[in-house]
Amino acid sequence: MQGTVDGFSYGIVTPVAAFLMACLGGALGLRCTTRSLRHQESFKAGWLALGSTSIGTGIWTMHFIAMMGFSVRQAPIDYDRPITFASLGVAVVMVGIGIFIVGYRGATALTLVTGGTITGLGVATMHYLGMAGMRLPGRIEYDTLTVALSVVIAVVAATTALWAAVSVHGFLASLGASLVMGVAVSGMHYTAMAAVSVHLHAAPAGAAAGASAGSLLLPMLIGPAVFLILAAVVVMFDPLLVMGDPDWQRAPARSPYRPGVPAPRHVPSYGEPANWTARPAGRGSRRSAPRGGHRSQDW
């Protein structure tokens, strides 16, 4: 029997709430990663760990808030708690691997692609592992091409997020990057859910008596949501995380010449070798010629 799948049982409420949680986790993770990269004299590993945990927790929370709106009209849905929390661990660990690779190996193209691929595969694994924790009187099937598309979206989104973490430094720029990240993660989730079809074993009697997805998932979301709030408090009380490093505080590049004094320029005279070198003009200075050449007079 084919089940009737509804991914928006609460209308637009769950998609918007899920998007906001993905943005919050992304914003916290980007600021913490930027903090560790630009101020390496501080506890770098700690900031990277906080950033990866924030991103992983935000993505996991986004997934299960969106799942609160998922229902099969002919059957109740339950969730296996160990598998559900295992998916949270996978998200945090895989995102952490990608962030630590970029944090310690630099923002080269190779590290961004490697870290983004690992992180994106971790996000996709988290999603499908969380789906494997669903319990209903039937089986869940997936469209292969749509699943592959969701994995590609996850990898691209993760690579873009890592690039933003090392390239975007201003507060407003990081806020914009987190919004883009929220759109990408939400798009990956709903693309993956579009691949779902449910085949029920039989029409279960008393399906209406089953507990709602919200009552099952809401208690599991309390801990991760509290963590994100505490991480946001840490960010708010660290001015370097909020505002970044202002341009006027950066050390200016050292110049070999004094400001306002033009660099010395020497025009070769007739018969002077082309590789003639000159020292900056000053009292008692002499122009030097290569060995075997001649010395011109100072005028």
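In this text the structure is predicted, and so the values were computed from the model without any measurement. (Residues numbered from 1 in each chain as written. Predicted model: local features only at pLDDT ≥ 70, side-chain atom pairs only at ≥ 80, totals over all residues. Heavy atoms only, no water.)

(A) Just the overall build of the chain, in detail. Looking only at helices and strands, one finds 8 helices and 6 strands in the chain. Considering only residue pairs separated by 6 or more positions, the chain has 82% of its internal contacts joining residues 24 or more positions apart. (Helix = DSSP H or I, 4+ residues; strand = E, 2+ residues; numbered from the N terminus. Contact = heavy atoms within 4.5 Å.)

(B) Broad picture of the packing of helix α1 (residues 13–38) against helix α2 (residues 44–67). One can describe the packing of α1 onto α2 by two numbers: an axis separation of 8 Å at closest approach and a directional angle of 170°. By the angle class used here, α1 and α2 are roughly antiparallel. Residues of the contact of α1 with α2, tallied by class, amount to 14 nonpolar, 10 polar and 2 charged. (Axes fitted to C-alpha atoms, helices over the stretch in contact; angles between N-to-C directions. Parallel < 35°, antiparallel > 145°, perpendicular 65-115°, else oblique. Nonpolar A, V, L, I, M, F, W, Y, C, P; charged D, E, K, R; others polar.)

(C) Main features of the packing of aromatic side chains. A full pass over the atoms with the stated rule returns 6 aromatic pairs. Ring plane angle 50° and centroid distance 4.9 Å describe the contact between W60 and F64, whose orientation is recorded as tilted. Of this pair, W60 and F64 are both found in helix α2, 4 residues apart, which corresponds to roughly one turn of the helix. Assigned by exposure class, W60 and F64 land together as buried. Pairing F64 with Y79 gives two aromatic rings, centres 6.2 Å apart and planes at 75°, and the pair type is edge-to-face. Here the residue F64 occupies a position in helix α2, and Y79 occupies one in strand β3 (residues 78–79), the gap between them amounting to 15 residues. Relative accessible area serves as the criterion here: at 1%, F64 is assigned to the buried category. Here the guanidinium or amino end of K44 rests over the ring plane of Y104, the centre of that ring lying 4.6 Å away. (Phe/Tyr/Trp six-rings, centres within 6.5 Å; stacked < 30°, edge-to-face > 60°. Buried < 20%, exposed > 50% of the residue type's maximum accessible area, 1.4 Å probe, protein only. Lys NZ or Arg CZ within 6 Å of the ring centre and 35° of its normal.)

(D) Region of the structure containing the pattern of salt bridges. Tallied over the entire structure, the rule returns 3 salt bridges. A salt bridge links R81 to D78; the shortest N-O distance between them is 3.6 Å. Under the relative-accessibility criterion, R81 is labelled partly exposed at 37%. The partner of R139 in a salt bridge is E141, and the shortest N-O contact between them spans 2.8 Å. Taking relative accessible area as the criterion, R139 reaches 44% and is therefore assigned partly exposed. (Salt bridge = Lys/Arg side-chain N within 4 Å of Asp/Glu carboxyl O.)

(E) Structural detail: the confidence of the model for the chain. For the chain, mean pLDDT is 77; residues scoring 70 or higher make up 73% of the total. This model gives residues 244–261 a pLDDT under 50, and the stretch forms 10 contacts once residues within four places in sequence are excluded. Here residues 292–299 is modelled with pLDDT under 50, and outside its nearest four sequence neighbours on either side it reaches 14 contacts, counting other chains as well. (pLDDT = per-residue confidence, 0-100.)

(F) Here's a closer look at α2. Over its 24 residues, α2 runs 35 Å from end to end, which matches the ideal 34 Å to within 8%, given 1.5 Å per residue. Burial of α2 is extensive: 20 of the 24 residues sit out of reach of the surface. (Expected span 1.5 Å × (residues − 1).)

(G) The arrangement of the nonpolar core in detail. In this structure, M67, F70, V72, Y79 and M134 are the most contacted members of the largest nonpolar core, which totals 52 residues. Of all the elements in the fold, those that place two or more residues in this core are α1, α2, α3 (81–105), α4 (109–132), α5 (144–167), α6 (171–194), β6 (196–200) and α7 (213–236). Here the element with the most residues in this core is α2; it accounts for 11 residues. One finds L30, A164, V168 and A177 within the second-largest nonpolar core, a separate group that totals 5 residues. (Core = buried A, V, L, I, M, F, W, Y, C linked by side-chain atoms within 4.5 Å.)

(H) Local environment of the side chain of T111. Looking at where T111 falls in the secondary structure, it is placed in helix α4. If sequence neighbours within four positions are ignored, T111 has contacts with I101, V102, R105, G106 and G116.

(I) View of the side chain of S54. Here S54 is to be found in helix α2. Only 2.8 Å separates the side chain of S54 from the backbone oxygen of L50, close enough to count as a polar contact. In this structure, S54 is in contact with G25, L28, G29, F227, L228 and A231, ignoring residues within four places of it in sequence. (Polar contact = N/O pair within 3.5 Å; in protein donor to acceptor, adjacent residues only side chain to side chain.)

(J) Region of interest: the packing of α2 against α4. Their axes nearest at 11 Å, the elements α2 and α4 cross at an angle of 35°. The interaxial crossing formed by α2 with α4 has right-handed handedness. Here α2 contributes I59, W60, H63, F64 and M67 to the contact with α4, which in turn contributes V123, M126, H127, G130 and M131. Here the contact of α2 with α4 is built from residues that sort into 7 nonpolar, 3 polar and no charged. (Left-handed = near helix turned anticlockwise from the far one by under 90°.)

(K) Summary view of a nonpolar patch on the surface. Together, Y10, I12, V13, V16 and L20 make up a nonpolar patch on the protein surface, roughly 500 Å² of accessible area in all. With respect to the helices, strands and loops of the structure, L20 is situated in helix α1. (Patch = residues over 30% accessible without salt bridge, like charges linked within 9 Å, V, L, I, M, F, W, Y side chains within 5 Å. Areas by Shrake-Rupley, 256 points an atom, 1.4 Å probe, with all protein chains shown as cover.)

(L) Geometry of the environment of T57. Locating T57 in the fold gives a position in helix α2. Judged by relative accessible area, which is 5%, T57 ranks as buried. Sequence separation between T57 and L88 is 31 residues; the distance between their C-alpha atoms is 6.8 Å. The contacts of T57, once residues within four sequence positions are left out, are L88, V92, P224, F227 and L228. Among the polar contacts listed, one links the side chain of T57 to the backbone oxygen of T53, at a separation of 2.6 Å.

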